[in-house]
Amino acid sequence: MTKLARIIFINVFMALSSVSQASTIEAPQLPEWRVVEFEQTAFWATARSRIEVLPVADDPERWELYVESSVVNNSERVRVNFEPATGRALTRSRLSQGKQERVKSYEYEADFIVRERREPVTDDDTLPQDWPATSRTELVYPASANEIMVTTPYMLLLLAQQLQAQGPGKSMDVLIHTDLNFYRVHLTSGNGIPITVDYDITGEDRAAGTRETLAVAIHAKPDTILEKKNDFRLLGLNGEIILFFDRTTGLPLQIRGQAPRIGATEINLKSVTMRESLL
């Protein structure tokens, strides 16, 4: 366990003496931000991620999480429709472009997940949604899906934000579905550490300096035997993941974890668009 993890663990342990360990997400409320953008530079490459959350027009039972990520010549676009009250995934699509081009879509039905893959067959301008399907399968949920909610990796950012807003000493478990694998993920909130920030606020001045934070630690472990190699990631990070949120504004300031071929890495907030600025 790293020194940082030990600090957060001690803070969480002290908080648990006065509050319940288990917690549930309260009534749904859109985050005060609409768009956050993160950036990480390592060696010769810069990775960028843009995350947007918005309600689905004419459907109060759905919100949408939209993610655009890129590194070097590879990019992906992920779209998740989910239940506002729980964070449960309803549909998901992922468009990958670069060395390989493909679209994977997932429909989260009551008893199984419909997984479909589409790939281009020519170099014309056919839209991804019109690419021919190359596979279609039904994935059966593991038994743990009867106990805890099923959602997707990027949703952990929203769930962590809602959890930290309840203060230190809160925790929750979710079942994360990647592609063919399922992971049981435990989130725990605690006191964070001071974080140095430098990011743009759309329509306002740049924010810079040191901020006090609350933290959410994320621990994932396979829920069943992995169908493919370990593919659990959050913004490209795995292992011991910790998210730091501004104690005053609730903005996600930094994410720490392990990056392939790099090791311990931090991804920092570079830009934010507040929801009120778009009204």
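Residues numbered from 1 in each chain as written. Predicted model: local features only at pLDDT ≥ 70, side-chain atom pairs only at ≥ 80, totals over all residues. Heavy atoms only, no water.

Asks: Please clarify how the overall build of the protein should be interpreted in this entry.
Replies: When helices and strands are counted, the protein shows two helices and 17 strands. In the protein, which comprises 279 residues, the proportion classed as buried is 46%. (Helix = DSSP H or I, 4+ residues; strand = E, 2+ residues; numbered from the N terminus. Buried < 20%, exposed > 50% of the residue type's maximum accessible area, 1.4 Å probe, protein only.)

Asks: Could you clarify how one ought to interpret the environment of Gly203 in this entry?
Replies: By the secondary structure assignment, Gly203 is in the loop between β12 (195-201) and β13 (207-211). In the structure, Gly203 is positioned 69 residues away from Val272 in sequence and 9.8 Å away in space, judged by C-alpha atoms.

Asks: Can you walk me through a negative patch on the surface in this structure?
Replies: On the surface, a cluster of negative charge is contributed by Glu32, Glu204, Asp205 and Glu276. Considering the arrangement of structural elements, one finds Glu204 in the loop between β12 and β13. Judged by its relative accessible area of 49%, Glu204 falls in the partly exposed class. (Patch = residues over 30% accessible without salt bridge, like charges linked within 9 Å, V, L, I, M, F, W, Y side chains within 5 Å. Areas by Shrake-Rupley, 256 points an atom, 1.4 Å probe, with all protein chains shown as cover. Salt bridge = Lys/Arg side-chain N within 4 Å of Asp/Glu carboxyl O. Lys, Arg positive; Asp, Glu negative; His and termini not counted. Charge placed at Lys NZ, Arg CZ, Asp CG, Glu CD.)

Asks: Help me out: how do you make sense of the packing of aromatic side chains in this one?
Replies: Here a ring pair, both rings aromatic, is described through the centre-centre distance and the interplanar angle of the planes. Inspection of the entire model under this criterion finds two aromatic pairs. With a centroid separation of 6.1 Å and 90° between ring planes, the pair formed by Trp63 and Phe82 is classed as edge-to-face. Residue Trp63 is found in strand β3 (residues 63-71), and its partner Phe82 is found in strand β4 (residues 74-82); the two are separated by 19 residues along the sequence. Residue class for Trp63 comes out buried when judged on its relative accessible area of 11%. Take Phe82: its relative accessible area is 2%, and that puts it in the buried class. Ring centres 5.6 Å apart and planes at 50° place the aromatic pair Tyr183 and Phe232 in the tilted group. Of the two residues, Tyr183 sits in strand β11 (residues 182-191) while Phe232 sits in the loop between β14 (213-222) and β15 (238-246), which places them 49 residues apart along the sequence. Residue classification places Tyr183 among the buried positions, given a relative accessible area of 1%. The cationic tip of Arg92 hangs over the ring face of Tyr106; the distance from NZ or CZ to the ring centre is 4.2 Å. (Phe/Tyr/Trp six-rings, centres within 6.5 Å; stacked < 30°, edge-to-face > 60°. Lys NZ or Arg CZ within 6 Å of the ring centre and 35° of its normal.)

Asks: Looking at this model, I keep getting lost on helix α2 (residues 155-164). Mind explaining?
Replies: One turn of an α-helix holds 3.6 residues; hence residues three or four places apart share an orientation. In terms of residue burial, α2 counts as a mostly covered element, since nine of its 10 residues are buried. Of all the residues in α2, the buried ones are Met155, Leu156, Leu157, Leu158, Leu159, Ala160, Gln161, Leu163 and Gln164.

Asks: Would you mind going over the side chain of Asn81 with me for this structure?
Replies: Inspection of the secondary structure assignment puts Asn81 in strand β4. A residue is classified by how much of its surface remains accessible, and Asn81, at 11% relative accessible area, is buried. In terms of polar contacts, Asn81 uses its side chain to reach the side chain of Arg62, at 3.3 Å. If sequence neighbours within four positions are ignored, Asn81 has contacts with Val56, Arg62, Trp63, Glu64, Arg88, Ala89, Leu90 and Thr91. (Polar contact = N/O pair within 3.5 Å; in protein donor to acceptor, adjacent residues only side chain to side chain. Contact = heavy atoms within 4.5 Å.)

Asks: Explain the environment of Leu214 here, please?
Replies: Among the secondary structure elements, Leu214 is positioned in strand β14. Looking at Leu214, the relative accessible area reads 8%, which means it is buried. Put simply, Leu214 and Asp246 are 32 residues apart on the chain and 6.5 Å apart in space, counted from C-alpha to C-alpha. When sequence neighbours within four positions are dropped, the list of residues in contact with Leu214 reads Gln164, Pro168, Gly190, Asn191, Gly192, Leu243, Phe244, Phe245 and Arg247.

Asks: Looking at this structure, how should I read the confidence of the model for the protein?
Replies: Parts of the model with low pLDDT should not have their predicted coordinates read in detail. In the predicted model, the protein carries a mean pLDDT of 87, and the fraction of residues at 70 or more is 88%. Between residues 12-25, whose pLDDT stays under 50, and residues either more than four places distant or in other chains, the model counts 27 contacts. (pLDDT = per-residue confidence, 0-100.)

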